[in-house]
Structures are given as C-alpha cells and as structure tokens.
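# Architecture at a glance
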Amino acid sequence: MTRNIYYRLEPPESFEQLRLIYEALGWNSLNLSVEDLEKMCNQSWYAVYAFDHEKLIGMGRVISDGVITGIVCGLCVLPDYHSEGIGKELLSRIIDHCEQHRIIPQLMCVESLESYYEKHGFKKFTIGMTRTIR
C-alpha cells in the first residue's frame, strides 16, 4: 500500500494507536492507559499528529505557560516510519506554532538525540535532571 502521510491537529479517534507507538518505542514504563494518553494530549498547549491514511504514526506536543516557555514533549514516530522526515515535519510544525505565539521552545532529550535536535536549531543550555516517581 502506498503511504499517504498527512498531519493534523485533531487527535486520533482512539488513543490506543498512541499507546501502540509508545509500546513500540519502549516508552510506556509507567503503564499509561489509553485514557492517560488522551488526557496528556488534550491537556497540552499544542499537539500535532501524523497519520498514514487513518493510522496514527507519530505525534508531538508542547506543554506551556502560554507566555514565555513551551516544553516539547513526546515527539515520536512509529519505528516502521523512521527516517522518512515525519519527526522533522512534526518538529517544524511545533517550532512554527511556538514562534507564532512568541513562545520559546525548549526540550529535554537523551544524549544520543542531541545532534538530531541541534540540526533543528536547538542548543544545549543547561543540565536537565529527573527523579523517578514511586
């Protein structure tokens, strides 16, 4: 089947598709439910979704105060669609939206992804830290 990639702001009909992406990427260590993922996306300041026909294949979102800072979160693409420019397009749409609203896009990532984000204009500016929840 020919790929028919398109992007939209409307979420998927079922967030089960996002759960499957998180599982495929090994991102669901907190065992997030479909309802958790839907709430996470719906409470974001901005979210954009990538589809192949009606299948969700990627997404990215921003949490923000709506005034100064926006944190890019959950930028993900289904592994079968890696290296096709989908993540780049999602990130471009996120950056454009932030710039239109004068929001500074920031993110945290694992060290192995630094060069990917540097190619898109991000610069290391601080040390990030995290704490595991119980």
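Structure report, in brief. Because the structure is a prediction, the values reported are computed rather than measured.

Conventions and cut-offs
Residues numbered from 1 in each chain as written. Predicted model: local features only at pLDDT ≥ 70, side-chain atom pairs only at ≥ 80, totals over all residues. Heavy atoms only, no water. Phe/Tyr/Trp six-rings, centres within 6.5 Å; stacked < 30°, edge-to-face > 60°. Buried < 20%, exposed > 50% of the residue type's maximum accessible area, 1.4 Å probe, protein only. Lys NZ or Arg CZ within 6 Å of the ring centre and 35° of its normal. Helix = DSSP H or I, 4+ residues; strand = E, 2+ residues; numbered from the N terminus. Arc of directions from axis to C-beta. Contact = heavy atoms within 4.5 Å. Disulfide = S-S within 2.5 Å.

### Brief notes about the packing of aromatic side chains
For the structure on display, the rule yields five aromatic pairs. A centroid spacing of 5.2 Å and a plane angle of 80° characterise the contact between Y22 and W27, whose relative ring orientation is edge-to-face. Note on W27: relative accessible area 36%, which makes it partly exposed. Relative to Y117, the ring of Y116 lies with its centre 5.1 Å away and its plane at 85°, an arrangement referred to as edge-to-face. Taking the relative accessible area as the measure of exposure, Y116 reaches 25% and is therefore partly exposed. What makes Y117 buried here is its relative accessible area of 9%. The ring of Y81 carries R3 above its face, with NZ or CZ at 4.0 Å from the centroid.

### Brief notes about helix α1 (residues 16-25)
Turning to α1, its buried residues are L18, I21 and Y22. The buried residues of α1 occupy an angular sector of 95° when the element is viewed end-on, so they sit on one face. Looking at the packing, one finds that the buried side of α1 touches α2 (34-42), β3 (55-64) and β4 (69-77). Directly after α1, the chain includes G26, whose backbone phi takes a positive value near 75°.

### A look at the state of the cysteines
All chains considered together, the criterion is met by zero disulfides. Unpaired in terms of disulfides, C73 finds its nearest cysteine sulfur in C41, a separation of 10 Å. In this model C76 remains outside any disulfide bridge; the closest cysteine sulfur is found in C41, 8.3 Å from its own.

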